[in-house]
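# Architecture at a glance
The lines below spell out each chain.
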Amino acid sequence: MPYPLKRSSSKPKASSSQAGNEPLPLTTSRLARHELLGDINQFMIKHDLNVTGQNLSVVCEALSGSNPQLAEEFTSREINQEPIDQRWLDTITRLDPGTNERIAELEKLMDKLEYSLLRFAQTAKSAKDESSEQRGAIGLQIEEFERGAANDEAGPSVDRVIELSNAMIDRLEQVEGAMERSQAETLELRSSLAEARQEADVDHLTRLPNRRAFERRLKSANDEARSTKQKLCVAFCDVDHFKQVNDKHGHEAGDRILCAIANTLSEIANDECFIARHGGEEFVLLFYGQDKDEAWRKLDGVRRMMAARQLLNRETGKPFGKVTFSGGIAEVTEDSDPRSALARADKALYDAKAQGRNQIIAN
């Protein structure tokens, strides 16, 4: 069925309001929203998709027609009777050129926030130092007044000046204390922001870098490889029959398998190999200074190592069976746009799946 789905032209029905028993008229726009939500619900169930923010966003863009190109891709998949599954949705999101722009915009906002906090800390420190100097100068002046007032019979006027000056010093001390507290809070906020930025780059399950970290690393690695005329390869890995593992053993067992594969892949992680969890059961690797053959040899060695292991379900004591993954490799520097290399690596991964799984193919 072409997307966006056509909306019903039937007469809107009334619904009860939450405030009382008065019927709340269901306008055409509200009816359209209700129908869109129903369409999204049916679509997610029909294609057995995970209910995640990313999936809901992609499906909503297609079914609502807000993204015409995406709607055409959905229509083409259905016409050709090709699966609209989690892996395909992940690919659509990964190859979306807007992904880098959104991440870059988020980075800019965080940089601006950190810079504002830094400037505020500097301003607070300067104001604190200035108020401290002023307080010291006023204190010296008061001492001079007090020494001069000792033999002055017109003391009441001087006493008044001293009283006002002491009050000013007390106020400056309060301001100075408030500024000191603000400075400490700002430093704590900057520290928390740094920790949050670092945590935002980490996948909470496997503790590998996540997709956000990979997108940034891909850009910097691509720029460096082109400036130094070095090779750069990218590889996608996907756990074979992972849905069957989840269905048979449960999601907790599936999570342990993902962690086991992450640990195995991490054995080749070094300055020449960056590894991240891209999402779901998919991992991504960057091989610095290595061509496709060298990258294939390293990744295939990990694949063979994983296939030789026997993993047990700790809850039942029964084996999971042989757990394997498939992979696709492409050389980033062969294309002017690194996202073209991602598409080729993804295609190679599809080919590896289609040709029997548990293998690595370079494109």
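Residues numbered from 1 in each chain as written. Predicted model: local features only at pLDDT ≥ 70, side-chain atom pairs only at ≥ 80, totals over all residues. Heavy atoms only, no water.

## With respect to the layout of surface pockets
To keep things clear, this is the line we draw: Put plainly, a pocket is an open set of points on a 1 Å grid over the protein atoms alone with protein on both sides within 12 Å along at least five of seven lines, a cavity is a set where a 1.4 Å probe fits but cannot get out, and a lining residue has an atom within 4 Å of a point. Grid points are joined across faces, edges and corners, and a volume is the space filled by probe spheres set on the points. Numbering of helices and strands runs from the N terminus; a helix is a DSSP stretch of H or I covering at least four residues, while a strand is a stretch of E covering at least two. The classification used treats Ala, Val, Leu, Ile, Met, Phe, Trp, Tyr, Cys and Pro as nonpolar, Asp, Glu, Lys and Arg as charged, and all other residues, Gly among them, as polar.
Taken as a whole, the second largest pocket encloses approximately 220 Å³ of empty space. What lines the second largest pocket is a set of 13 residues, among which Asp240, His241, Val245, Phe320 and Lys322 lie closest to the centre. When contributions to the lining of the second largest pocket are tallied by element, the ones reaching two or more residues are α8 (242-249) and β7 (319-321). Top element by residues in the lining of the second largest pocket is α8. It accounts for four residues. Classifying every residue of the lining of the second largest pocket by side-chain character gives four nonpolar, six polar and three charged.

## Here's the deal with empty space enclosed by the protein
Under the defined criterion, the tally for this structure stands at one cavity of 30 Å³ or more. Looking at the largest cavity, its volume works out to about 40 Å³. Looking at the largest cavity, the residues that line it are Gln86, Arg87, Asp90, Asp238, Gly279, Glu281 and Glu282. In terms of residue count, helix α4 (residues 86-94) provides more of the lining of the largest cavity than any other element does, three residues in total. Broken down by class, the residue content of the lining of the largest cavity amounts to no nonpolar, two polar and five charged.

## Some remarks on the confidence of the model for the protein chain
How we decide: The pLDDT value expresses, per residue, how confident the predictor is, ranging between 0 and 100. The criterion used for residue contact is that any of the two residues' heavy atoms lie within 4.5 Å.
Averaged over every residue, the pLDDT of the protein chain is 79; residues scoring 70 or more account for 72%. Taken element by element, the protein chain is modelled with least confidence in strand β1 (residues 14-16), mean pLDDT 44, and with most confidence in strand β8 (residues 325-331), mean pLDDT 97. This stretch, residues 5-19, has a pLDDT under 50; its non-local contacts, to residues over four places away or in other chains, come to 20 contacts.

## Regarding the state of the cysteines
Working definition: the covalent bond between the sulfur atoms of two cysteines is a disulfide. Our working rule: By convention in this document, the label disulfide applies to cysteine sulfur atom pairs within 2.5 Å. A 1.4 Å probe rolled over the protein chains alone gives each residue an accessible area, and that area as a share of the maximum for its type sets the label: buried under 20%, exposed over 50%, partly exposed in between.
This model, assessed by the stated rule, comprises zero disulfides. In this structure Cys237 is not part of a disulfide, and its nearest cysteine sulfur, from Cys273, lies 9.3 Å away. Overall, Cys273 belongs to the buried group, its relative accessible area being 3%.

## Focus: the pattern of salt bridges
If the charged atoms of two oppositely charged side chains come close together, the side chains can form a pair. Under the convention used in this document: Whenever Lys or Arg places a side-chain nitrogen within 4 Å of a carboxyl oxygen from Asp or Glu, that contact is recorded as a salt bridge.
According to the stated counting rule, one finds 20 salt bridges in the structure shown. For Glu82, the salt bridge identified is with Arg77, shortest N-O distance 3.6 Å. In this structure Glu82 comes out as partly exposed when scored by relative accessible area, which is 36%. One salt bridge connects Asp247 with Lys243, and the closest N-O pair in it is separated by 2.9 Å.

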